[in-house]
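Descriptive analysis of the structure
Next come the chains, spelled out residue by residue.
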Amino acid sequence: MSNPSPARPLAVLVGVQLPGVSDVDHEADLAELGRLVHTLGFEVAATVSQKRDALAAAAVLGEGKLKELADITGGKGYVPSAAKERKSKARDRWKAEAEAAGDASPDSERELDEDSDGGDENDTAPRKPTMVIVDHDITPSQARNLERATGAEVLDRTGVIVDIFHRHAHSREARLQVEIARLNYVVPRMRESAGSSERQRGRGAGEAALELDRRKVRDRIAELREELAAILKQQANRRSARRDQLRVALVGYTNAGKSSLMRALTGSEVLVADKLFATLDTTVRALHPPTKPRLLVSDTVGFIKKLPHDLVASFRSTLDEALEASLLLYVVDASDPTYEAQLDVTRSVLAEIGADAVPSMLLLNKVDRLDDDARRTLVRRHRDAIALSAHDPKDVAALRQTIIDHFEEAMIDEELIVPYAKQSHVSEIYESARVISEDYDESGARLRVRALPAAIARLRRVFAA
Ligand SMILES: Nc1nc2c(ncn2[C@@H]2O[C@H](COP(=O)(O)OP(=O)(O)OP(=O)(O)O)[C@@H](O)[C@H]2O)c(=O)[nH]1
Ligand SMILES: [Mg+2]
């Protein structure tokens, strides 16, 4: 559901085009940052971009660009020197000015005039952006300097992603994982951000107090890790019960349509939303209409370029569940011009966690958005892939059949003897195998079953005399 809130706070995006990054890629990166920022609830008011060999050590942008940025946010446009910084009165006054600039106060006409030749804001309220978002990971001191120069709050790409994860985490497990990642993000930034942001809870009351704060946060992280480990252990038990079942996992870039396919394939009500990282929990549901034995489908957390390492690590356990699947469906949004780069990201993250050995299929989703020419080119480019739309029931039915065929091919027929003494375990057979015929004689039931070789091997162990 969309939220047509009229008063979304404004944000300015900042990107540095580093050597080796093409114009197209740079623009795509900023567009993606815009969508992240939108998911977080901001309206993008402007983008400030600069070509540089590296991020400027002081405040990311060079002097001129910094001024340009500050003109948009209503800040000073330079980093006050250390000497000035000590004069706290001046700094307070500057802070107050900056805050006033962030207000939509009707009497700030002077600023309106200054804006009139450069800004592309509409003619309603002269609102100033209150947030500057940098498309790179920046150091705590770069963030602080940018805050001083712009009078706005500053967040980097990792900070944005961590915040989105924080908001979208629902299960106990996802909450724990996100909280761990968030605290890890916060610890090194505690000193520098003292007093500037409640998000980063620094107290700035001297080295000792700071060290104490940091230790508290680290203790908290350790506590959360223990709690998470306990949950993961329970899950591992539940998982091993599912081990031999037919399982397929949907993986891919955020917003590619994994949950939409999950819904279509299983008839479940998982969340589908035009937001980045709508899904943070792995959900497992049976394919619908049901198959014999049933086939389980997992929906998973999406990937993104420059995914913070902490988050990769913390979501690893969530993904582990999915990666035990014997088939991975790589979902891409084929209507996105950068889908190949997105696929590369997905592949490399999955390779990092050892999932590149799992058999996979490529699903080129959202082809309903492409014209015939574009579709043909796409299919020619990826001969083994399946082009489809999650919104087209015919496509989904065909995909369902392809998945079933994949497993049918891998399954084998065998005979199982179930001694009368072990009749109580018969239900386990139906979990992972299809019973083709059954006969009874004096030793027990003689079943002809069809299942994956691993499942047959396990069943043989269960029913061994
Ligand atoms: N036109 C079109 N839109 C689609 C298709 N599949 C998904 N969408 C839309 O794309 C958006 C994202 O879909 P989701 O299924 O939530 O994507 P996801 O991969 O689960 O995303 P995350 O959970 O955020 O990683 C939603 O607005 C869907 O309605 C499709 O085949 N065609
Ligand atoms: Mg999803």
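Reading the values: rules and limits
- Residues numbered from 1 in each chain as written.
- Chains lettered and ligands numbered in written order.
- Predicted model: local features only at pLDDT ≥ 70, side-chain atom pairs only at ≥ 80, totals over all residues.
- Heavy atoms only, no water.
- Axes fitted to C-alpha atoms, helices over the stretch in contact; angles between N-to-C directions.
- Helix = DSSP H or I, 4+ residues; strand = E, 2+ residues; numbered from the N terminus.
- Parallel < 35°, antiparallel > 145°, perpendicular 65-115°, else oblique.
- Contact = heavy atoms within 4.5 Å.
- Nonpolar A, V, L, I, M, F, W, Y, C, P; charged D, E, K, R; others polar.
- Donors = N, O, S within 2.8 Å, 3.2 Å for Na, K, Ca; no water.
- Buried < 20%, exposed > 50% of the residue type's maximum accessible area, 1.4 Å probe, protein only.
- Arc of directions from axis to C-beta.
- Core = buried A, V, L, I, M, F, W, Y, C linked by side-chain atoms within 4.5 Å.
- Pairing = 2+ DSSP bridges.
- UniProt positions renumbered as here; feature names shortened; annotations may be inferred.
- Phe/Tyr/Trp six-rings, centres within 6.5 Å; stacked < 30°, edge-to-face > 60°.
- Lys NZ or Arg CZ within 6 Å of the ring centre and 35° of its normal.
- Left-handed = near helix turned anticlockwise from the far one by under 90°.
- Near = heavy atom within 4 Å.
- Polar contact = N/O pair within 3.5 Å; in protein donor to acceptor, adjacent residues only side chain to side chain.
- Areas by Shrake-Rupley, 256 points an atom, 1.4 Å probe, with all protein chains shown as cover.

Focus on the packing of helix H2 (residues 63-73) against helix H6 (residues 140-150)
One can describe the packing of H2 onto H6 by two numbers: an axis separation of 9 Å at closest approach and a directional angle of 60°. With respect to H6, the element H2 is oriented oblique. On H6, the residues touching Leu66, Leu69, Ala70 and Thr73 of H2 are Leu146, Ala149 and Thr150. Grouping the constituent residues of the contact of H2 with H6 by class yields five nonpolar, two polar and no charged.

Thoughts on the coordination of the magnesium ion (ligand 2)
Protein ligation of the magnesium ion (ligand 2) involves Ser259 (OG) and Thr279 (OG1), the donor distances falling in the range 2.0 to 2.1 Å. Remark: Thr279 occurs in the loop between helix H10 (258-266) and strand E6 (283-286) and Ser259 occurs in helix H10; sequence separation between them is 20 residues. Across this residue pair, the class does not change: Ser259 and Thr279 are buried.

Regarding H2
Within the span of H2, buried status applies to Leu66, Leu69, Ala70 and Thr73. Taken around the axis of H2, the buried residues stretch over an arc of 100°, which confines them to a single face. Where H2 terminates, the next one or two residues include Gly74, which has phi positive at roughly 85°.

Details of the nonpolar core
Note that soluble globular proteins tend to have their nonpolar side chains buried in a common cluster. Within the largest apolar cluster, 54 residues are counted, with the highest numbers of intra-cluster contacts made by Leu36, Ile133 and Phe277. Discounting residues that sit within four places of it in the chain, Ile133 has contacts with Ala11, Val12, Leu13, Val14, Leu33, Val37, Leu155 and Val160. Residues Leu246, Val297, Ile404 and Leu452 belong to the second largest nonpolar core, which totals 25 residues.

Some words on the sheet that holds strand E7 (residues 295-299)
With respect to topology, six strands assemble into an open sheet ordered E6-E7-E5-E8-E9-E10, the strand pairing being mixed. At either end of the open sheet lies a strand with only one pairing partner, and these are E6 and strand E10 (386-387). In this structure, strand E8 (residues 327-333) lies alongside strand E9 (residues 360-365), joined through six bridges in parallel fashion. From the neighbouring strand, Leu328 faces E9, where its bridge partner is Ser360. On the sheet, H10 packs against strand E5 (246-252), E6, E7, E8 and E9 and is oriented at approximately 155° with respect to E7.

A look at the UniProt feature "coiled-coil region" (unreviewed entry) in the chain
Within this numbering scheme, the UniProt entry marks residues 207-234 as carrying the feature "coiled-coil region" (unreviewed entry). The annotated region residues 207-234 carries 100% helix and 0% strand content, and the separation between its end C-alpha atoms amounts to 41 Å.

Topic: the packing of aromatic side chains
The full count for this structure, using the stated rule, is one aromatic pair. Its end group placed over the ring of Tyr330, Arg347 keeps NZ or CZ at 5.8 Å from the ring centre.

Comments concerning the packing of helix H7 (residues 157-168) against helix H8 (residues 172-186)
At a closest axis distance of 9 Å, the pairing of H7 and H8 adopts a crossing angle of 150°. With respect to H8, the element H7 is oriented roughly antiparallel. Between H7 and H8 lies a crossing whose hand is left-handed. In this structure, H7 uses Thr158, Gly159, Val162, Phe165 and His166 to contact H8, whose residues at the interface are Val178, Glu179, Arg182 and Tyr185.

Details of the site of ligand 1
Close to ligand 1 lie 23 residues, the nearest being Lys258, Ser260, Ala278, Thr279 and Asp368. Interatomic distance of 3.0 Å between a backbone N/O atom of Phe277 and an oxygen atom of ligand 1. Ser389 is positioned such that a nitrogen or oxygen atom in its side chain is 3.2 Å from an oxygen atom of ligand 1. Contact with the protein chains removes 92% of the 660 Å² of surface that ligand 1 exposes when unbound. Per element, the largest residue contribution to the shell around ligand 1 is three residues, and it comes from H10.

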